[in-house]
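Chain and residue survey
Residues per chain are reported as follows:
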Amino acid sequence: MPLSRLFGAALVAGAVTLILAQPAFAQKKEPPACAAVSFRAIAPGAPDGETDAGLYKSRFGKIEVKAEVKGGQATNYYMVLNGKRIDASATPPKAADSCLTSKSVKLPYQKQAAGACTGNRFRVVIDRSGKQPVALFFGLHSDDWAYCSGTTLEKGA
């Protein structure tokens with residue numbers, strides 16, 4: 001067998017091995033221990049009803065921010081995680097303060113009234129560093145983030 005043909009076959013076999021090995025490597029990647037996704041508020045004058053304010057999708061899940069609009073103004077924003085609406089809770093899920101402060105949430109933070117989450121920007125902070133992962137939704141008022149809603153996440157979500 002000529003040397004060039006032998007070298008070509010070895011090169012093709014090596015490329016096939018490399019291509020087949022990549023998906024296994026990509027599947028082992030874990031989500032970050034602390035992450036934040038920011039969203040903008042909707043523009044005034046939107047039609048009344050429910051309006052999509054933002055969407056973030058990754059291989060780890062899908063985050064949506066929606067707004068309830070009355071009279072052209074957003075009266076309440078809320079987050080939807082993987083298709084499930086997260087309503088305001090009386091007490092936020094336990095979260096690691098270090099994750100919140102690393103994502104520019106000043107502690108202690110204010111709580112917004114249930115059903116009245118507003119702001120000029122919004123942020124979802126996901127903390128997977130503790131025993132139970134959490135997702136927290138905040139609205140920005142002036143320079144301070146105010147808590148709107150949150151939930152614990154299933155492991156692997």
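Preceding block: the structure.
Parameters at a glance
- Residues numbered from 1 in each chain as written.
- Predicted model: local features only at pLDDT ≥ 70, side-chain atom pairs only at ≥ 80, totals over all residues.
- Heavy atoms only, no water.
- Pairing = 2+ DSSP bridges.
- Helix = DSSP H or I, 4+ residues; strand = E, 2+ residues; numbered from the N terminus.
- Phe/Tyr/Trp six-rings, centres within 6.5 Å; stacked < 30°, edge-to-face > 60°.
- Buried < 20%, exposed > 50% of the residue type's maximum accessible area, 1.4 Å probe, protein only.
- Axes fitted to C-alpha atoms, helices over the stretch in contact; angles between N-to-C directions.

1. What to know about the sheet that holds strand E1 (residues 34-40)
One open sheet accounts for five strands, arranged E1-E7-E8-E9-E6; its pairing is mixed. Unpaired on one side and paired on the other, E1 and strand E6 (110-111) mark the two borders of the sheet. In this sheet, strand E9 (residues 144-152) lies alongside strand E8 (residues 134-141) in antiparallel orientation, the contact comprising eight bridges. Note that in E9 the partner of Leu136 across the bridge is Gly150.

2. With respect to the packing of aromatic side chains
Under the defined criterion, the tally for this structure stands at five aromatic pairs. Relative to Tyr147, the ring of Tyr109 has its centre 5.9 Å away and its plane inclined at 35°; by these criteria the two rings are tilted. Note that Tyr109 is positioned in the loop between helix H2 (97-102) and E6 and Tyr147 in strand E9, a separation of 38 residues in sequence. Grouping residues by exposure puts Tyr109 and Tyr147 together as buried. With a centroid separation of 5.7 Å and an interplanar angle of 20°, the aromatic rings of Phe122 and Phe137 are classed as stacked. Linking Phe122 in strand E7 (residues 121-127) with Phe137 in strand E8, this pair joins segments that are 15 residues apart in sequence. With relative accessibility at 0%, the residue Phe122 sits in the buried group.

3. Describing the sheet that holds strand E3 (residues 61-70)
Adjacent strands of a sheet form backbone hydrogen bonds with each other and so pair up, either parallel or antiparallel. Taken together, the four strands give an open sheet; going across it, the order is E2-E3-E4-E5, and neighbouring strands pair in antiparallel fashion. Looking along the sheet, the strands with just one partner apiece sit at the ends: strand E2 (49-58) and strand E5 (84-86). For this sheet the average axis-to-axis angle between neighbouring strands, irrespective of direction, equals 30°. By the bridge criterion, three bridges tie strand E4 (residues 73-81) to E5 in an arrangement that is antiparallel. Counted as the bridge partner of Met79 is Ile86 from E5.

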